[in-house]
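Each chain, letter by letter, is given below.
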Amino acid sequence: MNSDTSHPLAFFRFTSLKPWCFRLLVASTLLATFSGCQTPGPQVSDGGGRWPGLLSENAVMRTQTIHMIQQGGDRSTVPLLFPLLNDEDRWVRYNARAAILVLSGPHRETAPVYRYMDKSSLLKVAPEEHRVWWENLFPGSTR
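Each chain has its residues counted from 1, running along the sequence as written. With pLDDT at 70 or above as the cut-off, local features in this predicted model cover only qualifying residues; side-chain atom pairs require 80 or more to be listed or tallied, and sums for whole chains, interfaces and linings still use all residues. Side-chain metrics in this entry use all non-hydrogen atoms of the structure; hydrogen atoms and water are not considered.

Visitor: Tell me about the packing of aromatic side chains, residues and numbers included.
Guide: For this analysis, a ring pair means two rings from Phe, Tyr or Trp (six-membered ring only for Trp) whose centres lie within 6.5 Å, classed as stacked if their planes differ by under 30 degrees, edge-to-face if by over 60, and tilted for the remaining angles. Within this structure, the stated rule accounts for four aromatic pairs. Taking 5.7 Å as the distance between ring centres and 75° as the angle between the ring planes, the aromatic pair formed by Trp-91 and Tyr-94 counts as edge-to-face. Separated by three residues within a single helix, Trp-91 and Tyr-94 lie in helix H3 (residues 90-104), roughly one turn from each other. Residue exposure (1.4 Å probe, protein chains only): buried if accessible area is under 20% of the type maximum, exposed if over 50%, otherwise partly exposed. With relative accessibility at 44%, the residue Trp-91 sits in the partly exposed group. Measuring from centroid to centroid gives 5.8 Å for Trp-133 and Trp-134, while their planes differ by 65°, and the two rings are edge-to-face. Classification of Trp-133 as buried rests on a relative accessible area of 9%. According to the relative accessible area criterion, Trp-134 is buried, its value standing at 0%. To qualify as a helix, a DSSP run of H or I must reach at least 4 residues; to qualify as a strand, a run of E must reach at least 2; elements of each kind are numbered from the N terminus.

Here's what the structure looks like:
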């Protein structure tokens, strides 16, 4: 047997991992969504079924979906991230804010103050503050 093909993972050397990883992430997002899980707390939308991972009970799944939204670069999806600024998981909050800032481009310096580790009562105003800020930057984008 040829030593180049004897290892079970040898085929990865000849294929790109990026499409493979993306497909796995999408499949796991769909699997978690169709299992009937939803996150408690703020009213979160999945963008009409386009981003079902935002509704996942699993914080890792919500975070991965945030990363996918950010990598997509579509500013029209940013309003879906605002409710996650008040998420129960601090890493979901942190990554939602990071994605919002990245997608705002050069406007990130004007973003409202946000401390993802604040008490829950202080975080409750963050989604609305960010929605108003975003609407001022990109009129009509939050409707």
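Visitor: Account for the pattern of salt bridges, with residues named and values stated.
Guide: Should a side-chain nitrogen of Lys or Arg be within 4 Å of a carboxyl oxygen of Asp or Glu, the pair is scored as a salt bridge. Under the counting rule described, the total for this entry stands at three salt bridges. Arg-50 is paired through a salt bridge with Asp-74; the nearest N and O atoms lie 3.7 Å apart. With a gap of 24 residues between them, Arg-50 in the loop between helix H1 (17-33) and helix H2 (59-72) and Asp-74 in the loop between H2 and H3 connect regions that are remote in the sequence. Judged by relative accessible area, which is 28%, Asp-74 ranks as partly exposed.

Visitor: Describe in detail the nonpolar core, supporting the description with residues and values.
Guide: With 27 residues, the main nonpolar core has Leu-54, Ile-66, Leu-81, Leu-84, Leu-85, Ile-100 and Trp-134 as its most contacted residues. Contributions of two or more residues to this core are made by H2, H3 and helix H5 (126-137). The leading source of residues in this core is H3, at six residues. Only buried residues count toward a nonpolar core. Its members are Ala, Val, Leu, Ile, Met, Phe, Trp, Tyr and Cys residues joined through side-chain atoms within 4.5 Å.

Visitor: Tell me what's going on with H5, and back it up with residues and numbers.
Guide: Here the expected length of a helix is defined as 1.5 Å per residue gap, with one fewer gap than residues. End to end, H5 covers 16 Å across twelve residues, agreeing with the expected 16 Å (1.5 Å per residue, within 8%). Those residues of H5 that fall on the buried side of the exposure criterion are Ala-126, Pro-127, His-130, Trp-133, Trp-134 and Glu-135. Residues are treated as being in contact if the distance between any of their heavy atoms lies within 4.5 Å. Each element contacted by the buried residues of H5 is listed here: H3 and helix H4 (120-123).

Visitor: How would you sum up the environment of Thr-77? Please name residues and give values.
Guide: By the secondary structure assignment, Thr-77 is in the loop between H2 and H3. Since its relative accessible area comes to 4%, Thr-77 is described here as buried. When sequence neighbours within four positions are dropped, the list of residues in contact with Thr-77 reads Arg-50, Trp-51 and Ile-69. Polar contact is the term for a pair of N or O atoms within 3.5 Å; when the atoms are in protein, one must be able to donate a hydrogen and the other to accept it, and sequence-neighboring residues count only if both atoms are side-chain atoms. A polar atom in the side chain of Thr-77 sits 2.6 Å from the backbone oxygen of Asp-74.

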